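The residues making up each chain are set out below.
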Amino acid sequence: MSEGYNLEAHLDSAAAPVLAADLKALRGKSVRVDGGAVRFAGTLSLQVLIAARRQWLEDGQDFTVHPFSGALGAACCDLGLSLTDIGASPDDQNDMERTA
Amino acid sequence: MTTGGSDDFRASFFEECDELLEAMHDGLGLMQDGAGDTETVHVIFRAVHSIKGGAGAFGLDALVSFAHQLETVLERLRSGRIEATPDLLTLFQQCGDYLSDLVTAARADAAVDPGPAEALGSRLNAASGPDGDASEAVSQAADDFVPLALDLDALEDPQESDADDPLSSRIGHHITFTAEPELFSSGNEPALLFRALATLGPTRVGADISDVPPLSLLDPTMSHLSWEIELDGDCPADIVLDVFDFVSDCASVEIGPLEHFAAPPDPSTVPASDDIDPAIGTDVVAPAEGRPPNSETEGRGDDLARVAPPKPTAAPPQPTTRIAAPQTIRVDFERVDKLINLVGELVIKEAMLSQAVGMLTLNTGNEVLQELDGLKQLAGEIQEGVMAIRAQPIKPLFQRMGRTIREAAAMTNKRVRLVMKGEAAEVDKTVLERLVDPLTHMVRNAVDHGLEDKEARVAAGKPAEGSVTLSAAHRSGRVVIEISDDGGGINRDKVRRLAEEKGLIPPDASLSPSDIDALLFMPGFSSKDEVSELSGRGVGLDVVRSEITALGGRMSIQSELGVGTVFSISLPLTLAVLEGMVVNVAGQTMVVPITAIQETLQPASVRIHTIGPGTKVLSIRDTLMPVADLGAHFGFREPPEELDDHVLLVIETDTDRRCALIVDALQDQRQVVIKSLETNYSQIDGISAATILGDGRIALIVDPEGVAGGVAPVPATPAASVNPDVVEGDSLVTA
């Protein structure tokens, strides 16, 4: 049974410490992060997701970002990150585009 | 959600905005003066662009939209598609002012009137030329953070996607970018920089995430990412560097030729497809050299594994261009203030120690005395150094006046040019802050009343455009600020007539030109037949002078009919320390500001006359001045009959009142740390502040103006003619 977490719409630099603290509180459980409402994602917040994914890998737990918004995908794109870096799957993006 | 960290980020962003707005206004001023060039436009563009970038990171949409709109037209100017007409420059000035308003509103979380944005936006649209539309920029700005369409299929195989663009034949730049924490705290985002790069040519962006630790070890305010960007094309390196110019102090940027990295990825180094990220919208770019792959994660078949570092070609290495970060830091003003207070305490402690050691009656040359001298010198240097931290250039204040002048010019339908001189002069931050209101009033006065109408100027053989000059200079340990105009000068006949009509002076008053000028400072005086909406000459000038006096400043006027008027303000460089004469009065220790003391006299060596009961005057150099006992003034004692054992301090106040103060003895001349009496106790007439002496006792600092006001008449001959009912509690100022 995975824990759910909803990302804020505006993930700017100021939101990164909050996001990090929230996710730290979820350690020890598989986590599914809902990024569908994200309208803006900055570098530091994306870095938190990268670090979280890395942490969950170390912990042997699942960490997934699903679903995710186009804005979140675009932010990764702009920064040269892959969706898998943050725990999302490109397949989700394809699915999203097909249903759009 | 707002956190302490968020507040820090925002505060830092707005500090950055202050500097960017200053740079923008500087550039706009240069262009307005015809001194701008292409680089000037670049500077303005970058300033606006940076503000937009930071604003985007904080979700300040109104600011983003307007900045983008302005930036779009600036870009068209920069690229030569439109010309810098006078109307366009005026529009830029107005847009710059509105951008400042938006920043101010955003800083205060206040709403801002959208009206100007719409009106200015329409004008920007019109100015952007037939093939441009700044409104598109608005929608573009609004879309900045809207999802992009991602063509994942095309990116499944990076090599395939590059089929039409063989790496080996590319020319361009390879850029390594690493962000410092300050980059984010100032509201910048690398993505915005990369987008700006993309306007110069096709780019491929790759992030190196190998240094990102697991969440438990992550400091979320620090960036552990770095980027490799490949930019195709023959764009000059300096243009590429321009993109990063405004983050040069908070990022490391290295640029080298693309050929170095031109070798296509070696297929043999590419991990199995399951282990490779399908890079989204970007080509896969190798991590920075020297960064080993994360073996731990690789061991788990982690898809974080990246393409192996590229092998440099045989081409000889070429020097990379690196932006050097300026050696400055930002410090919260409260910290500086606290430091200043502590240094003040240090100086007081040092004085206490000196006093205690002095009571030991040690021999001259004693090691303790020598070390104490060293400590004194050190404490003095520390104090001087800390005061220098608090000093700030007067330029931002002058720039702020530029807007005041533009608005005043628009309201009075005059053409006015602002000239700034000596704006690098530094003044204590507190003094600067308290100068805003008085200077604003005086600048408005200069435009509204000092400068003639265009027609009158042309008729007088002057250029239609008037000028207001703000200058600052350090003189004798003070800063002198002058507000001068090339207008018609003070019409003294009119001023005198109005003063008579208002009953300020009797009709037969004998007034010198400077006395007449000084009437402008009298409460309620106005030389305008009708007080204008903008300002009224005299209405408020008395308040201005009061504010300046409260700062320990002096004001004077010089004016020549037909040529112009100069208002001079002389101010102390700091409000934190004061050079004073420590004196004994009736068993009390008091401090008299050294700037007010003209000379000290032994009563036995001068002629003192008694006029009536208890009234003494000092005869010195053919003039008479009242003598007042400082102890009696504050109620410490009755005035002494015999003065031979006392000392006279001849003082002259900021309003030119002169008198001789009787004190018992002079102790020392020294710099004292000012402690506000109003903050710690309450205001006392004749006392401006307090200080703590070496023996730990509090000494009151005398306000010469307050003391002399009770004993000395207003200066100069005409003073006797001035209606005392009207000038009660006030005085005239002579130039």
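Residues numbered from 1 in each chain as written. Chains lettered and ligands numbered in written order. Predicted model: local features only at pLDDT ≥ 70, side-chain atom pairs only at ≥ 80, totals over all residues. Heavy atoms only, no water.

**Q** I would appreciate a short explanation of the overall build of chain A in the present structure.
**A** For chain A, the count of helices and strands is 4 helices and 5 strands. The helix and strand sequence of chain A, counted from the amino end, reads β-β-α-β-β-α-β-α-α. Going through the 100 residues of chain A one by one, you find that 62% of them count as buried. In chain A, of all internal contacts separated by at least 6 residues, the share reaching a separation of at least 24 is 78%. (Helix = DSSP H or I, 4+ residues; strand = E, 2+ residues; numbered from the N terminus. Buried < 20%, exposed > 50% of the residue type's maximum accessible area, 1.4 Å probe, protein only. Contact = heavy atoms within 4.5 Å.)

**Q** What should I look at first to understand unusual backbone geometry in this one?
**A** Generally, phi is negative for residues other than glycine and the peptide bonds are trans, each holding for most cases. In this chain, His66 of chain A is followed by Pro67 of chain A through a cis amide linkage whose omega measures -5°. A positive phi angle is found at Asp109 of chain B, which is not glycine, with a value near 55°. Secondary-structure assignment places Asp109 of chain B in the loop between helix H4 (86-107) and helix H5 (115-127).

**Q** Honestly, the confidence of the model for chain B in this entry has me stumped. Any pointers?
**A** The predicted structure's coordinates, where accompanied by low pLDDT, should not be read in detail. When the pLDDT values of chain B are averaged, the result is 75; 77% of them are 70 or greater. In the model, residues 716-735 of chain B has pLDDT below 50 throughout and makes 51 contacts with residues more than four positions away in sequence or in other chains. (pLDDT = per-residue confidence, 0-100.)

**Q** Mind showing me how you'd approach the pairing of strand S2 (residues 203-208) of chain B here?
**A** Within a regular strand, side chains alternate between the sheet's two faces. Residues and elements named next belong to chain B. S2 sits mainly inside the fold: 5 of its 6 residues count as buried. As paired strands, S2 and strand S3 (residues 226-232) are joined by 6 bridges and run antiparallel to one another. Across the sheet, residue Arg204 finds its bridge partner in S3, namely Glu230. (Pairing = 2+ DSSP bridges.)

**Q** How should I be thinking about the packing of helix H13 (residues 333-358) of chain B against helix H14 (residues 367-390) of chain B in this particular structure?
**A** Pairs of packed helices are described in terms of their axes, by the angle between the two and the distance that separates them. Residue and element names in this part refer to chain B. For the pair H13 and H14, interaxial distance at closest approach is 10 Å and the crossing angle is 160°. Between H13 and H14, the crossing angle belongs to the class labelled roughly antiparallel. In this structure, H13 crosses over H14, and the sense of that crossing is left-handed. Here H13 contributes Phe333, Val336, Asp337, Leu339, Ile340, Val343, Leu346, Val347, Glu350, Leu353, Ser354 and Val357 to the contact with H14, which in turn contributes Val368, Leu369, Leu372, Leu375, Lys376, Ala379, Ile382, Gln383, Val386, Met387, Ile389 and Arg390. Of the residues that constitute the contact of H13 with H14, the class distribution is 18 nonpolar, 2 polar and 4 charged. (Axes fitted to C-alpha atoms, helices over the stretch in contact; angles between N-to-C directions. Parallel < 35°, antiparallel > 145°, perpendicular 65-115°, else oblique. Left-handed = near helix turned anticlockwise from the far one by under 90°. Nonpolar A, V, L, I, M, F, W, Y, C, P; charged D, E, K, R; others polar.)

**Q** Looking at this model, I keep getting lost on the nonpolar core. Mind explaining?
**A** Residues Leu23 and Leu46 of chain A together with Phe177 and Phe244 of chain B are the most contacted members of the largest nonpolar core, which totals 63 residues. When residues of this core are assigned to their parent elements, the largest contribution, 8 residues, is made by helix H2 (residues 43-59) of chain A. Sequence-distant contacts of Leu23 of chain A, defined by excluding residues within four places in its chain, comprise Tyr5, Val33, Val48, Leu49, Ala52, Trp56 and Phe63 of chain A together with Leu215 of chain B. Formed by 50 residues, the second largest nonpolar core is a distinct cluster that contains Ala509, Met555, Ile557 and Leu571 of chain B. (Core = buried A, V, L, I, M, F, W, Y, C linked by side-chain atoms within 4.5 Å.)

**Q** Teacher, can you tell me more about helix H10 (residues 190-198) of chain B here?
**A** Count 3.6 residues to each turn of an α-helix, and residues three or four apart come out pointing the same way. The element H10 of chain B is largely enclosed, with a buried count of 7 among its 9 residues. Turning to H10 of chain B, its buried residues number three or more, namely Pro190, Ala191, Leu192, Leu193, Phe194, Ala196 and Leu197 of chain B.

**Q** Explanation requested: the pattern of salt bridges in the structure shown.
**A** All names here are of chain B. The tally for this structure, following the rule as stated, stands at 30 salt bridges over all chains. Lys429 is the salt-bridge partner of Glu433, the closest N and O atoms lying 3.3 Å from each other. Here Glu433 and its partner Lys429 are both found in helix H16 (residues 429-450), 4 residues apart, which amounts to about one turn of the helix. By relative accessible area, Lys429 is classed as buried at 18%. Note that Arg621 is salt-bridged to Glu599, the shortest N-O span being 2.2 Å. Of the two residues, Arg621 is situated in the loop between strand S17 (616-620) and strand S18 (623-629) and Glu599 in strand S15 (residues 597-601); the sequence distance between them amounts to 22 residues. Salt bridges sharing partners connect three or more residues here, namely Asp97, Asp101, Arg403, Arg406 and Glu407. (Salt bridge = Lys/Arg side-chain N within 4 Å of Asp/Glu carboxyl O.)

**Q** Quick question: what am I supposed to make of H5 of chain B here?
**A** All names here are of chain B. Between its first and last C-alpha atoms H5 spans 18 Å; for 13 residues at 1.5 Å apiece the expected length is 18 Å, and the two agree. Those residues of H5 not exposed but buried are Leu120, Gly121 and Leu124. Looking straight down H5, one finds its buried side chains confined to an arc of 110°; they lie on one side. Opposite the buried face of H5, at more than 90 degrees from it, the exposed residues are Glu118 and Ala126. (Expected span 1.5 Å × (residues − 1). Arc of directions from axis to C-beta.)

**Q** So what exactly am I meant to see when it comes to the sheet that holds strand S13 (residues 577-585) of chain B here?
**A** The strands that make up a sheet pair up through hydrogen bonds in the backbone, lying either parallel or antiparallel. Residue and element names in this part refer to chain B. Spatial ordering of the open sheet is given by S21-S13-S14-S23-S22, a layout of 5 strands whose pairing is mixed. Each edge of the open sheet is held by one strand with a lone partner, namely strand S21 (665-673) and strand S22 (687-692). Across the sheet, the mean angle from the axis of one strand to that of its neighbour is 35°, orientation sign disregarded. As paired strands, strand S14 (residues 588-593) and strand S23 (residues 698-702) are joined by 2 bridges and run parallel to one another. From the neighbouring strand, Met590 faces S23, where its bridge partner is Leu700.

**Q** Help me out: how do you make sense of the environment of Ser619 of chain B in this one?
**A** Residues and elements named next belong to chain B. Positionally, Ser619 belongs in strand S17. For Ser619, a relative accessible area of 21% translates into the label partly exposed. For the pair formed by Ser619 and Ile608, sequence separation is 11 residues and the distance between their alpha carbons is 6.0 Å. Not counting residues up to four positions away in its chain, the partners in contact with Ser619 are Arg607, His609 and Leu624.

**Q** Hey, could you run me through the packing of aromatic side chains in this one?
**A** Residues and elements named next belong to chain B. By the definition in use, this model includes 8 aromatic pairs over all chains. Plain terms: the ring middles of Phe521 and Phe567 are 6.3 Å apart, the flat faces sit at 85° to each other, and that makes the pair edge-to-face. Taken together, the residues span a long stretch of sequence, with Phe521 in the loop between helix H19 (513-518) and helix H20 (541-550) and Phe567 in strand S12 (residues 564-572) at a distance of 46 residues. Comparing Phe521 with Phe567, the two get one shared label, buried. Plain terms: the ring middles of Phe634 and Phe636 are 6.1 Å apart, the flat faces sit at 35° to each other, and that makes the pair tilted. Under the relative-accessibility criterion, Phe636 is labelled partly exposed at 33%. Taken together, the aromatic side chains of Phe177, Phe194, Trp227 and Phe244 make up a single cluster linked through ring pairs. (Phe/Tyr/Trp six-rings, centres within 6.5 Å; stacked < 30°, edge-to-face > 60°.)

**Q** Before we go on, may I ask you to explain the sheet that holds strand S1 (residues 3-6) of chain A in this structure?
**A** Residue and element names in this part refer to chain A. Pairing is parallel in the open sheet, where 3 strands are placed in the order S1-S3-S5. This sheet does not close on itself; its edge strands, each paired only once, are S1 and strand S5 (63-68). Strand-to-strand twist across the sheet, computed as the mean angle between neighbouring axes with direction ignored, equals 25°. Examined bridge by bridge, strand S3 (residues 31-35) and S5 share 4 bridges and lie parallel to one another. Within S5, the residue paired with Val33 across the bridge is Val65.

**Q** Help me understand the environment of Leu575 of chain B, please; the structure alone is not making it clear to me.
**A** All names here are of chain B. One can find Leu575 in the loop between S12 and S13. Taking relative accessible area as the criterion, Leu575 reaches 22% and is therefore assigned partly exposed. Not counting residues within four places of it along the chain, the set of residues in contact with Leu575 comprises Asp428, Thr430, Val431, Arg434, Leu551 and Ile674.

**Q** Please explain the state of the cysteines as it appears in this structure.
**A** Note on terminology: a disulfide is the covalent bond linking the sulfur atoms of two cysteines. All names here are of chain A. The tally for this structure, following the rule as stated, stands at 0 disulfides over all chains. Summary of cysteine pairing: Cys76 is not part of a disulfide, and the nearest cysteine sulfur, belonging to Cys77, is at 8.7 Å. Since its relative accessible area comes to 0%, Cys76 is described here as buried. (Disulfide = S-S within 2.5 Å.)

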